[in-house]
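Remarks on the overall topology
If you want the building blocks of each chain, they are given just below.
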Amino acid sequence: MPPTISIVTPCLNAAATIGRTLDSVANQGYPGIEHIVVDGGSTDGTLELLAQFRDVKVISELDEGLSDAVNKGIAIASGELVGWLNADDWYLPGALAAVGDAAEANSRAEWFTGGCLIVDGGGNEIRGGVTAYKNFLLGRYSFPLYLSQNFISCPATFIRASALEAVGPLRLDYSYSMDYDLFLRLARRGDPIILGRDLAVFAMAEGTKSMTGFDKQFSEHAEQARAHGEGHPLAVAANSVVSQLIVLAYRLLRFIRRAD
């Protein structure tokens, strides 16, 4: 029997985007979906929109940030698998069925992941080269390779609830790459099952956390590799170098765009 799946969506003032996120879950046609939205006290109409989705469980209260909101959702999730989908991202058709099939066929595997497209604020696909590069690495997954850089996409990753209980909650002291820290804890226990298909879409629009905290994000990556990289000094060193190179490349691209 396919495993039940809980989806946790943290949000704050997401009325402009969360409708698409909610629809992408509701339209999966997968039996046994539980969708939990953890709202941080929105004032822009998000709660009124959520009220239209009767099958969605909503928590609305002040929190200590993104990690705290996701932890709250995970704590009440009842599904055998848990996915984390932010309020501006969405699932592709058939994603949950593909994950459920993989989990049923690999009963001992603790986590599952696949490809993830990147789009701009208008929903247009961007950074195809980055997506292709991440997919190339994903297809050659090993723990040392994953230590060297983060190529697993959060919206396209699903974890058994039992594994989440074993590795513990998201850390509140990480502001941008709390998912990499969590995934490295899982990776030390065992490899993920890699699905050879795209599962989700990640929106990378101006003003979002992924755009405003780029430097801090990769600084956290290097710190997390050091924390979880015992026995793999070369991979840890590579993470530091790669993180710095990516930040430099990003700054150069932004400079060129501004110059144009």
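For the structure, check the block above.
The structure contained in this document is the topic of the report that follows. (Residues numbered from 1 in each chain as written. Predicted model: local features only at pLDDT ≥ 70, side-chain atom pairs only at ≥ 80, totals over all residues. Heavy atoms only, no water.)

**Examining the state of the cysteines**
Inspection of the entire model under this criterion finds 0 disulfides. The closest cysteine sulfur to the non-disulfide-bonded cysteine 11 is located on cysteine 154, 15 Å from its own sulfur. For the unlinked cysteine cysteine 116, the closest cysteine sulfur is that of cysteine 154, found at 9.0 Å. (Disulfide = S-S within 2.5 Å.)

**Regarding the nonpolar core**
Within soluble globular proteins, side chains that are nonpolar tend to cluster in buried spots. In this structure, Trp111, Tyr146 and Phe183 are the most contacted members of the largest nonpolar core, which totals 33 residues. Mapped by element, the contributors of at least two residues to this core are β2 (33–39), α3 (66–76), β4 (81–84), α5 (128–138), α6 (143–148), α7 (161–167) and α8 (178–189). At 7 residues, the largest contribution of residues to this core is made by α8. By size, the runner-up hydrophobic cluster in this structure holds 21 residues, among which are Ile5, Tyr30, Ala98 and Ala103. (Core = buried A, V, L, I, M, F, W, Y, C linked by side-chain atoms within 4.5 Å. Buried < 20%, exposed > 50% of the residue type's maximum accessible area, 1.4 Å probe, protein only. Helix = DSSP H or I, 4+ residues; strand = E, 2+ residues; numbered from the N terminus.)

**Some remarks on the pairing of strand β6 (residues 111–119)**
Of all 9 residues in β6, 9 are buried, a share of seventy percent or more. Relative to strand β7 (residues 157–160), β6 runs antiparallel, the two sharing 3 bridges. The residue of β7 that forms the bridge with threonine 113 is threonine 157. Where β6 meets strand β8 (residues 193–203), 7 bridges bridge the pair, whose relative direction is parallel. Bridging across to β8, leucine 117 finds its partner in valine 201. (Pairing = 2+ DSSP bridges.)

**Section: unusual backbone geometry**
A positive phi is found at asparagine 13, a non-glycine position, where the angle reads about 50°. Of note, asparagine 13 is situated in the loop between β1 (5–11) and α1 (18–26). When its relative accessible area of 39% is taken as the criterion, asparagine 13 is described as partly exposed. For arginine 127, which is not a glycine, the phi torsion comes out positive at approximately 55°. Among the structural elements, arginine 127 can be located in the loop between β6 and α5. Looking at arginine 127, the relative accessible area reads 23%, which means it is partly exposed.

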